[in-house]
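Results of the structural survey
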Amino acid sequence: MIDTSKKFLVAGAGKSGVGSVNLLLKTGADVSLYDGKEDLEKEALYEKLYEKKEIPLILGNITKEDVSKFDLLVLSPGISVNAPIAQMFRDQEKPVWSEIELAYQASKGRIAAITGTNGKTTTTALTGEIMKGYYESSFVVGNIGIPYTSVALDTKEDSVTTAEISSFQLETIVDFKPDVCAVLNITPDHLDRHGTVEVYAQTKESIGKNQTKDQVMVLNYEDDTTRAMADRANGTVLFFSLHHKIKEGVSMEGDAFIIEENGKKQIVCTLDDVNLLGDHNYENILAAIAVTYSMGVPVSYIKEGIKRFKGVEHRIEYVDTVKGVAYYNDSKGTNPDAAIKAVEAMVTPTVVIGGGYDKQSSYEEWIASFGDKVKCLVLLGATADKIEATARKAGFTNIVRVGSLKEAVEASAVQAQSGDAVLLSPACASWDMFKSYEQRGTLFKEYVNQL
């Protein structure tokens, strides 16, 4: 429940911040908005607000005196938990919530929450597709592109919400307690924000910190870091595994996806029922089976949802074949591990387009994954120098440098021959040149269509 007697300050005027403001306005709460940009276009912002309310704004600098007027801060995920505004609230012993916490406080029904470094969006979308086929009131929210705050007030007691949760959103949860949560995997990511892999992993693990034994934590048995989380879990652990047979859990046997429980085995589906490519996607399917089964979905409905699911935009998404060259949009490959999985999914000689915002990742393993498959690397963005140096050190020298994504598509078309593939899988975030990975992927598709 939202305590509408309190005065709320929402930090950040992006999609998440606007979602938080609108939720609070609908509940009748007293809400103001802070954003670091002094030149924020106020009229355009008010147009996005519930009933076009002209709420109080604090732009640019914020003072301790400003903070003293509020009871609670709602932090957009793009703003660090260590930002000065969050520190000021903590110094005055006032709560700092993520927008996920705000939405949780306002919502009803049951929640399945999914996190991890890679595969979150695909697993969340698939889980949501399965839930939708069985539950009448079903929502898919979070980092997948629909703010949880935008639908929280529409949920009912019999609703099921599937939420993709990022590490940024988990930094400031308080009471958030999903009925089922999943941590898919941990590889180094967002070290510019979290500092160390250990802190990043702990933040991911906190998705289950408020659970009790009657709730379920789904973990990947193949990943050493997630497997170790089982020893500390408050919820009941359910493992999924691609390569190991799990006596109590979800795994693969030959080409079948199976659930083993109390000594009984159920076949959910086989590879013939699946529309997704690659081992990483089979792991995503196993995770979705574990989550939906734990949420009470019968096996027959899980199978039907898997058969219906065609994949996620911007994740190894087939775009078109031009002059015999197949183009794939993997703009969601925003870290080296995700980009490795995309390379592994390719079955023909491939030109890779990479580079972007620097999250302090290292690229050795990504370059090593190229093997004989990647014939050319087209680089752009802030990390281009760093990636080129890494590639040359590893002996990979067929590198083309470009200044824009349009040039990257044109250069790739020159490098590729009929029968080859061109893969946009940057191994980096998009924020140096684009608003989001979605914008980057959409533009890539436009440029391919112009060839």
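What you see is a predicted model; the values in this text were computed from it and never measured.

Criteria and cut-off values
The residue numbers shown here count from 1 along each chain, following its written sequence. Local features in this predicted model are restricted to residues whose pLDDT is 70 or higher, and side-chain atom pairs enter the listing and the counts only when it is 80 or higher, whereas totals over whole chains, interfaces and linings include all residues. For side-chain calculations, the full set of non-hydrogen atoms in the structure is used, while hydrogens and water are omitted. DSSP-based pairing: two strands are paired if at least 2 bridges between them are found. Secondary structure elements follow DSSP: runs of H or I no shorter than four residues count as helices, runs of E no shorter than two count as strands, and numbering proceeds from the N terminus. Only the stretch in contact is used when fitting a helix axis, every axis being a line fitted to C-alpha atoms; angles between N-to-C directions are given from 0 to 180 degrees. In what follows, a contact means two residues having at least one pair of non-hydrogen atoms within 4.5 Å. Ring pairs shown here join Phe, Tyr and Trp side chains whose ring centres sit within 6.5 Å, with only the six-membered ring taken for Trp; geometry is labelled stacked below 30 degrees between planes, edge-to-face above 60, and tilted in between. A simple rule labels every residue: compare its accessible area, found with a 1.4 Å probe on the protein chains alone, to the largest value its type can have, and call it buried under 20%, exposed over 50%, or partly exposed in between. Counted as over-ring charges are cases with an Arg CZ or a Lys NZ within 6 Å of the ring centre that also lie within 35 degrees of the ring normal. To estimate the expected span of a helix, subtract one from its residue number and multiply by 1.5 Å. We define a nonpolar core as any set of buried Ala, Val, Leu, Ile, Met, Phe, Trp, Tyr and Cys residues linked to one another through side-chain atoms lying within 4.5 Å.

1. Details of the sheet that holds strand E2 (residues 30-35)
The strands that make up a sheet are held in pairs by hydrogen bonds between backbone atoms, and each pair lies either parallel or antiparallel. Taken together, 5 strands build an open sheet; the order of strands is E3-E2-E1-E4-E5 and the sheet is parallel. In this open sheet, the two strands that pair with only one neighbour each are strand E3 (57-59) and strand E5 (96-98). Each strand axis lies, on average, 25 degrees off the axis of its neighbour in the sheet, ignoring direction. Sheet analysis places E2 next to E3, joined by 3 bridges and oriented parallel. Across the sheet, the residue bridging to leucine 33 is leucine 57, located in E3. Each of strand E1 (7-11), E2 and strand E4 (72-75) is contacted by helix H1 (residues 15-27), which is oriented at about 160 degrees to E1, the strand it contacts most.

2. Topic: the packing of aromatic side chains
For the structure shown, the criterion picks out 11 aromatic pairs. Both rings, one in tyrosine 357 and one in tryptophan 431, keep their centres 5.2 Å apart while their planes meet at 65 degrees; by these two values the pair is edge-to-face. Remark: tryptophan 431 occurs in the loop between strand E20 (421-424) and helix H17 (437-450) and tyrosine 357 occurs in the loop between strand E17 (350-354) and helix H14 (364-368); sequence separation between them is 74 residues. Taking relative accessible area as the criterion, tryptophan 431 reaches 44% and is therefore assigned partly exposed. Following the ring pairs from residue to residue traces out a cluster consisting of Tyr363, Trp366, Phe370 and Phe396. Stacked on the ring of phenylalanine 70, the Lys or Arg lysine 7 has its end atom at 6.0 Å from the ring centre. Here arginine 227 stacks its cationic end above the ring of tyrosine 221, 4.9 Å away from the centre of that ring.

3. Remarks on helix H6 (residues 120-134)
Counted at 1.5 Å a residue, the expected span for H6 with its 15 residues is 21 Å, and the 21 Å between its end C-alpha atoms agrees. For H6, a buried count of 12 out of 15 residues is recorded, marking the element as mostly surrounded by other parts of the structure. All of the buried residues in H6 are Lys120, Thr121, Thr122, Thr123, Thr124, Ala125, Leu126, Thr127, Gly128, Glu129, Ile130 and Met131. Its buried side turned inward, H6 meets strand E6 (110-115), strand E7 (138-142), strand E8 (160-164), helix H9 (197-205), helix H11 (279-294) and helix H12 (299-308).

4. Here we look at the nonpolar core
Of all hydrophobic cores here, the largest spans 49 residues; its most connected members are Phe8, Phe176 and Ile207. Setting aside its immediate chain neighbours within four residues, phenylalanine 176 contacts Ile100, Glu101, Tyr104, Ile111, Ala113, Tyr148, Ile165, Ile207 and Asn210. With 39 residues, the next largest nonpolar core counts Ile130, Met131, Cys269 and Tyr282 among its residues.

5. So, the pairing of E20
The two faces of the sheet receive side chains in turn, since in a regular strand these alternate between them. Burial along E20 is two-sided: the residues Ala421 and Leu423 and Val422 and Leu424 are all buried. Note: E17 against E20, 4 bridges, orientation parallel. Looking at E20, one finds that threonine 350 is bridged to alanine 421.

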